[in-house]
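The chain contents come next:
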Amino acid sequence: MAVRYRTTASNDDGGTGVSRVAGGLEVAVSNPLQPGHDETASNPEQLLALAWSTCLSATAQAIVRGERRTRVRVDVAMRDAEGRGGYEFVATAFVSAEGVDEQAAAELAAAAHDRCPVSRLLHASPLVTVRAESWSDA
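Keep in mind it's a predicted model, so treat the numbers as computed, not measured.

**Student:** How would you summarise the overall build of the protein if you had to cite specific residues and measurements?
**Tutor:** A tally of regular secondary structure across the protein gives three helices and six strands. Starting at the N terminus, the α and β elements of the protein follow one another as β-β-β-α-β-β-α-α-β. With respect to the three principal axes, the spread of C-alpha positions in the protein is 45 × 40 × 30 Å. Looking at the protein alone, contacts between residues at least 24 apart form 46% of all its contacts between residues at least 6 apart. With the model as given, the accessible surface of the protein reaches about 9000 Å², and the carbon-plus-sulfur share is 51%. Taken as two groups, the 13 positive and 18 negative side-chain charges of the protein have centres that lie 9 Å from each other.

**Student:** Talk me through the nonpolar core; I want residue IDs and the actual numbers.
**Tutor:** Counting residues in each nonpolar core, the largest one holds 19 residues, and the members touching the most others are Trp52, Leu56, Val74, Val95, Leu108, Cys116 and Val118. Contributing elements (two or more residues each) for this core: helix H1 (44-64), strand E4 (70-80), strand E5 (87-97), helix H2 (102-115) and helix H3 (117-122). Ranked by residues supplied to this core, first place goes to H1 with six residues. When near neighbours in sequence (up to four residues on either side) are disregarded, Val118 contacts Ala51, Trp52 and Cys55.

**Student:** With reference to specific residues and values, describe the pattern of salt bridges.
**Tutor:** On inspection of all chains with the given rule, the structure shows six salt bridges. The partner of Glu133 in a salt bridge is Arg73, and the shortest N-O contact between them spans 3.0 Å. In this pair, Glu133 is assigned in the segment after strand E6 (128-132) and Arg73 in strand E4, connecting sequence segments 60 residues apart. Using a relative accessible area of 9% as the deciding quantity, one classes Glu133 as buried. A relative accessible area of 33% means that Arg73 is categorised as partly exposed. Across the pair Glu82 and Arg79 runs a salt bridge whose closest N-O atoms are separated by 3.3 Å. Owing to a relative accessible area of 58%, Glu82 belongs among the exposed residues under this scheme. Members of the salt-bridge network, linked through shared partners, are Arg73, Asp75 and Glu133.

**Student:** Tell me what's going on with the pairing of strand E3 (residues 26-29), and back it up with residues and numbers.
**Tutor:** Where burial is concerned, the two faces of E3 differ: the one with Val27 and Val29 is buried and the one with Glu26 and Ala28 is not. Adjacent in sequence and paired antiparallel, strand E2 (residues 17-21) and E3 are bridged by four residues, among which Gly23 carries a positive phi angle near 100 degrees.

Conventions used here
Within each chain, residues carry numbers counting from 1 in the order of the written sequence. Given that this is a predicted model, residues contribute local features only at a pLDDT of at least 70 and side-chain atom pairs are listed and counted only at 80 or more, while totals for whole chains, interfaces and linings are drawn from all residues. Only hydrogens and water are set aside; all other atoms, that is, all heavy atoms of the structure, feed into the side-chain values. The numbering of helices and of strands both runs from the N terminus, where a helix is a DSSP run of H or I of at least 4 residues and a strand a run of E of at least 2. Any pair of residues with heavy atoms lying within 4.5 Å of one another is described as a contacting pair. All accessible areas in this document rest on Shrake-Rupley with a 1.4 Å probe, and a residue is counted as covered only by the protein chains that are shown. For the purpose of counting charges, residues Lys and Arg are taken to be positive, whereas Asp and Glu are taken to be negative. His and the chain ends are not included. Taken as the charge centre is NZ of Lys, CZ of Arg, CG of Asp or CD of Glu, depending on the residue. Among the buried residues, those of types Ala, Val, Leu, Ile, Met, Phe, Trp, Tyr and Cys that are joined through side-chain atoms within 4.5 Å form a nonpolar core. Only protein chains enter the accessibility calculation, which uses a 1.4 Å probe; a residue whose area is less than 20% of its type maximum is buried, one above 50% is exposed, and one in between is partly exposed. One side-chain nitrogen of Lys or Arg within 4 Å of one carboxyl oxygen of Asp or Glu is enough to make a salt bridge. Two strands qualify as a pair provided that DSSP identifies no fewer than 2 bridges between them.

Okay, here's the thing in structure tokens:
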């Protein structure tokens, strides 16, 4: 299969420092669990939420073909890992579309989750949920 796009990101500083995307983007990062962490810097939880919400929203827009506005909100929590050491993310995406009922929003959420490349990475995880919500709740 032909690769349509490729990028590379790197981090040499760990949870506090700078993460870089090849070609220019640099993002200051700070561990939110570390006392005195830099509140203006990003962290993996935020970056995951940003990547998934962007991809899922673009996919939802492609599905509705611009006939209505869509909105995606992603919440990412970090918690102690259950049954093993370390931490784990729990991610929930909320998908809504203007002017549709809850059933149609649920169908859109499922279709977008099925097609979104970031969702495809996350599908097998029991810690990932996609939900529909009414436009007014979004």
